[in-house]
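Architecture at a glance
Residues per chain, in single letters:
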Amino acid sequence: MLALVAPSVLFIALFFVAPLGLFLYRSIDNSEVPGWLPRTTAALASWSGEGLPDEPAFRAVAEDLAALSGSTALPLLGRRLNHNIPGFRGLITGTGGRVDLAKPGRMREQLIAIDARWGEPAYWQTIRRERHVVTPFYLLSALDLRYGASGAIERAPAESAIFLGLLGRTLAISLVVTGLCVLLGFPLAVTMAGASPARANALLILVLIPFWTSLLVRSTAWVILLQNSGVVNQLLVGLGLAQKPIPLIFNRVGLYIAMVHVLLPFMVLPLYSVLRNIPPELMRAAASLGAPPAVAFLRVYVPQALPGLVAGASLVFVLALGYYVTPALVGGPGDQMIGYFIAYFTNTAVNWGMASALGTLLLLVVALIYLALGRVVGLNRLAVR
Amino acid sequence: MSKISRRWIALAAAALALVLAPPAVVAQTKLVVGNAGGSSADAERKVFYGPFASANKITIQEESFNQELAKIRSQVETGNLIWDMVSTTAINVATGCEEGLLEKVDWSKYFDPKVFRDVGGVSECGVPYLFVSGGLAYDGNRIKEAPKSWADFWNVRKWPGKRGLLYRAEQTFEIALMADGVPPAKAMEVLAAPGGPDRALKKLDEIKPHIHWWKNGAESINLLASGEVAMAYAWNGRVASANKTNNLNLKMELGAGHVSGCQYWAIMKGSKNKELAIKFIQYAVMAQNQADFVRVISYGPANRDAYALLSDQEKATLPGQHLDKASLQLGKLYLGFWLANGDSLLQRFVKFAAQ
């Protein structure tokens, strides 16, 4: 028994749990700051955080930066601290190459002469706060929170607080898409389950076509169809159904259309496989026992379809949460989802802490939703039989 | 069903076998280049890769690279180099150079730096090879009275219709400041000064209901060609090639001020084909090849000697006469500002656009 299970358990541990754990750890990992500024972080541990630190701290930062000078660690440290305060990067790289440890006189004056920002408490407070190997900074940022000047946690200024809003929007869009997929997918799956094998296969192929089309081609096709001068609008205006073109794309409507188009197969396939196994005799039995068609459908058919419905809906929901290319191509500025920023932080900004924090947030929210769903529906019913 | 799936499995297995089969032994040296794909890669293939490869009896393999610095970083840090060189932006050249991801080369040994002076010169890790200008574009067949400035672009009463702008803080903020009366050459200076981003956002707010944000170059041309927008910020190469291939009459007013920058060749740190890559770069920035490249893609040449080889008609969408009206995407001020503030301003911008 154990020998049979061991390979798959090992596989999952190695290729799923371990990378996931590493990824989650990225959201609190802060080893760079104490690693590259060992003297400074030690010197600042005893500082109260008020005003400017003493001369030993200035000396320590000068020694740390001089040690990193010329290596690639200096700009990387700058990149790391720039996440906290825009401009920190320039302060670090600018100081590293110019500091002179042998120069007589106090280091405080020398550093402030190199860059006046060394005379501002905010930069020192940031290094002091980030002196440990782990940091809550990314997770706080993902929740639109930050440390204020007094050291207390406060809300980020309204103009740059975007992540909670994005998360809410991501959840809302995913929910609507899931709902639309249920509405469209259920009748389709019922039809397929009742159709002859040949016809069911034909329908299945139709459902699968969007699956085989490249994302860009699919999205561009929707743009051509739905834009103001597109086929659909020309038809509507030509037939006199609309006075002027209706905005169908680069807004929420266009996004729903494009996303439902792609995700419908994920709803239909699990549902179809469950519905196909519901014996038709049961509905006949219900009818023979006197149940009107609507009652028989609701009380006999739907409960048996539920596992497929729940499996399909959860699949669609989870996949929808991660969308960002489609919203970028067919959505408007009010339709961007959180995946856009995860991709931006991963690829362009190379801020993996932030990318990981946003991912962690998304993962937690999904886990909570599933727990709640499990409470309401019962976890055992979520399993596809 | 089971019959079908068995056939599929057989097909898939055959395909897999093809993929996994050991490739035929190729003795030729291979230079792997990461580039942006699309029409610019087509032009590069025609003018640079093809002729250089056959002249030197090597193969040049192209890989897709959409300027994700993370892709360069992961190859260099894991020591598993897939690419030898990349075509990339000034900001990536600067960061990649500083962080040790790109080779530092003494370019003055291989080139005459003077010919690159107009476009900011060579940098420690990169050589410019094309000059992209983003500027005011409109459809000459739809607009009778030509707009002359970014203030005209903002004037939605005189020129009704939507305005296409790039969904990004960088470039769009510079344009907004130009519309607010800042001379193009001073735009970066004003933006980097305290209150600069606020001023740009305030100006954008004036025409916000009329803005249609576009996210990729093809989209900007589509919007202009379909009449969805009356005017748009667009990149000159896109405009010129749309005119050529789709027979459009799009016009650009680069005299209104433009945001311009170079695309650079850079060599991946640790590439085994460094010498070959340098030789390739020398080939790609020769005046004659630069002029040929301009004829195919209509972006400006980085080597100023190429202008002398072009006809007046070929120079029509090039910024040659308006180089003084540029906000340049290079230099210490530009790089320092966007490296420090890129993330936080993108957040502000996305929030602003969504409201």
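Residues numbered from 1 in each chain as written. Chains lettered and ligands numbered in written order. Predicted model: local features only at pLDDT ≥ 70, side-chain atom pairs only at ≥ 80, totals over all residues.

Scanning chain A from N- to C-terminus turns up 20 helices and two strands. Over its C-alpha atoms chain A spans a radius of gyration of 29 Å, topping by over 25% the 21 Å that the globule rule assigns to 385 residues. With respect to the three principal axes, the spread of C-alpha positions in chain A is 100 × 65 × 35 Å. Split into buried and exposed, the 385 residues of chain A put 34% on the buried side. Of the contacts formed within chain A by residues at least 6 apart in sequence, a portion of 68% connects residues at least 24 apart. (Helix = DSSP H or I, 4+ residues; strand = E, 2+ residues; numbered from the N terminus. Rg over C-alpha atoms; globule rule 2.2 N^0.38 Å. Buried ≥ 20, exposed ≤ 12 C-beta atoms within 10 Å, placed from the backbone. Contact = placed C-beta atoms within 7 Å.)

This brings us to the overall build of chain B. On a plain count of helices and strands, chain B comes out with 13 helices and 11 strands. Its C-alpha radius of gyration of 22 Å places chain B within 12% of the 20 Å reference for a compact globule of 355 residues. A principal-axis box enclosing the C-alpha atoms of chain B has dimensions of 65 × 65 × 40 Å. Considering chain B as a whole, with its 355 residues, one finds that 48% of them fall into the buried category. Taking all contacts inside chain B whose residues are at least 6 apart in sequence as the whole, residues at least 24 apart take part in 74%.

Before going further, it helps to examine the pairing of strand S1 (residues 30-35) of chain B. Along any regular strand the residues' side chains alternate between the sheet's two faces. All names here are of chain B. Direction of pairing for S1 relative to strand S2 (residues 59-64): parallel, over a ladder of six bridges. Among the inter-strand pairings, Val-32 is bridged to a residue of S2, identified as Gln-61. Between the parallel elements S1 and S2, the chain passes through helix H2 (residues 38-56) in a crossover that is right-handed. Alignment of S1 against strand S3 (residues 85-89), held across two bridges, turns out to be parallel. Looking across to S3, one finds that Gly-34 is bridged to Val-86. (Pairing = 2+ DSSP bridges. Right-handed = clockwise from strand over helix to strand, strands pointing away.)

Contact residues are listed per partner, giving 25 residues for chain B and 24 residues for chain A. If you tally residues by element for the side of chain B that touches chain A, the top one is helix H13 (residues 331-354) of chain B, at 12 residues. Of the residues assigned to the side of chain B that touches chain A, the class counts are nine nonpolar, seven polar and nine charged. (Nonpolar A, V, L, I, M, F, W, Y, C, P; charged D, E, K, R; others polar.)

Further remarks concern the nonpolar core. Counting residues in each nonpolar core, the largest one holds 162 residues, and the members touching the most others are A:Leu263, A:Leu358 and B:Ala137. Of all the elements, helix H14 (residues 252-275) of chain A adds the most residues to this core, at 15 residues. Counting 25 residues, the second largest nonpolar core, distinct from the first, contains A:Ala57, A:Phe58, A:Leu76 and A:Trp124. (Core = buried A, V, L, I, M, F, W, Y, C linked by C-beta atoms within 7 Å.)

Okay, helix H9 (residues 217-226) of chain B next. All names here are of chain B. With respect to burial, H9 is a largely interior element, seven of its 10 residues being buried. Along H9, the residues that are buried comprise Gly-217, Glu-219, Ser-220, Ile-221, Asn-222, Leu-223 and Leu-224. Directly after H9, the chain includes Gly-227, whose backbone phi takes a positive value near 80 degrees.

Turning to the environment of A:Ser46, a few remarks are in order. Residue and element names in this part refer to chain A. On the secondary structure map, Ser-46 appears in the loop between helix H3 (38-45) and helix H4 (55-68). Classification of Ser-46 as exposed rests on a count of 11 C-beta atoms within 10 Å. Each C-alpha atom, one on Ser-46 and one on Arg-128, is 9.4 Å from the other, the two residues being 82 residues apart in sequence.

All right, on to the pairing of strand S5 (residues 163-166) of chain B then. Residue and element names in this part refer to chain B. Alternating residues of S5 divide into Arg-163 and Leu-165 and Gly-164 and Leu-166, and every residue in both groups is buried. With four bridges joining them, S5 and strand S6 (residues 211-214) adopt parallel strand pairing. Paired with Leu-165 across the two strands is Trp-213, which belongs to S6. Bridge count between S5 and strand S7 (residues 231-235): two bridges; the pairing is parallel. Residue pairing across strands places Arg-163 opposite Met-231, the latter belonging to S7.

All names here are of chain A. For the pair H14 and helix H16 (residues 293-321), interaxial distance at closest approach is 8 Å and the crossing angle is 155 degrees. Here H14 lies roughly antiparallel to H16, going by the angle between them. For the pair H14 and H16, the sense of crossing is right-handed. On H16, the residues touching Met-259, Leu-263, Phe-266, Met-267, Pro-270, Leu-271, Ser-273, Val-274 and Leu-275 of H14 are Ala-305, Pro-307, Gly-308, Leu-309, Ala-311, Gly-312, Ala-313, Leu-315, Val-316, Leu-319 and Ala-320. (Axes fitted to C-alpha atoms, helices over the stretch in contact; angles between N-to-C directions. Parallel < 35°, antiparallel > 145°, perpendicular 65-115°, else oblique. Left-handed = near helix turned anticlockwise from the far one by under 90°.)

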